[in-house]
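What the coordinates show
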Amino acid sequence: MFQQIIIACFLVFGIAFMLLALGLSWLLSPTRPTKGKGITFECGMEPLGLPWVRYRSGFFVYAILYVIFDIETAFLYPWALSFGRMATNWFLLVEMLIFVAILMAGLLYAWKEKALSWH
């Protein structure tokens, strides 16, 4: 029971700190909107055209695939550290092979659907 109280205290203090920080930043931040603050700033040059530009969906597909495989690397690193200490644990090896197989199946599906081709 004591451990649950500690967790509840951390949760309450965390939420209170977040609300306090947001409230203080809202109270203390200067708000003097001007016309110059409302325009888009690009490398010191005056903006040309509208700020709403259509991007190709290929950019988003590559970004999503990068995030997926970046997260995979984040999972592989601690696994490799723990597997190095317990080399006889076959469950860890099979578990990671299944994880990598699922990711490879997704990559092969994206490749088959030509989601990786740049038109």
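Everything that follows concerns the structure shown earlier in this document.
In what follows, the accompanying structure is described. Bear in mind that the values here come from a model prediction, so they are computed numbers and not experimental data.

As for the environment of S57
Inspection of the secondary structure assignment puts S57 in helix α2 (residues 57-85). You can call S57 exposed: its relative accessible area is 55%. Along the backbone, S57 and A115 are 58 residues apart, and their C-alpha atoms lie at a distance of 9.7 Å.

Structural notes on a nonpolar patch on the surface
Together, V53, Y55, F59, F60, Y62 and W118 make up a nonpolar patch on the protein surface, roughly 690 Å² of accessible area in all. Examined against the element boundaries, F60 turns out to sit in helix α2.

Some details on the packing of aromatic side chains
Applying the stated rule across the entire model yields one aromatic pair. Between F75 and F99, the ring centres sit 5.8 Å apart and the planes meet at 85 degrees, which makes this aromatic pair edge-to-face. Placement of F75 in helix α2 and of F99 in helix α3 (residues 90-112) is noted, with a sequence separation of 24 residues between them.

A closer look at α3
In a regular helix each residue adds 1.5 Å, so 23 residues correspond to 33 Å; α3 covers 32 Å between its end C-alpha atoms and thus fits that length. Of all the positions in α3, only L92, M96, L103 and A110 are classed as buried. Directly after α3, the chain includes K114, whose backbone phi takes a positive value near 60 degrees.

Concerning the environment of Y109
Assignment of secondary structure puts Y109 in helix α3. Y109 gets classed as exposed once you look at its relative accessible area, which sits at 51%. C-alpha of Y109 to C-alpha of R32: the two residues are 77 residues apart in sequence and 52 Å apart in space.

A look at the side chain of E72
Looking at the element boundaries, E72 is found in helix α2. As a buried residue without a salt bridge, E72 has its nearest oppositely charged side chain in K112, at a separation of 20 Å. Among all residues touching E72, those that are not within four sequence positions of it are F99, V100 and L103.

The rules behind each value
Residues numbered from 1 in each chain as written. Predicted model: local features only at pLDDT ≥ 70, side-chain atom pairs only at ≥ 80, totals over all residues. Heavy atoms only, no water. Helix = DSSP H or I, 4+ residues; strand = E, 2+ residues; numbered from the N terminus. Buried < 20%, exposed > 50% of the residue type's maximum accessible area, 1.4 Å probe, protein only. Patch = residues over 30% accessible without salt bridge, like charges linked within 9 Å, V, L, I, M, F, W, Y side chains within 5 Å. Areas by Shrake-Rupley, 256 points an atom, 1.4 Å probe, with all protein chains shown as cover. Salt bridge = Lys/Arg side-chain N within 4 Å of Asp/Glu carboxyl O. Phe/Tyr/Trp six-rings, centres within 6.5 Å; stacked < 30°, edge-to-face > 60°. Expected span 1.5 Å × (residues − 1). Lys, Arg positive; Asp, Glu negative; His and termini not counted. Contact = heavy atoms within 4.5 Å.

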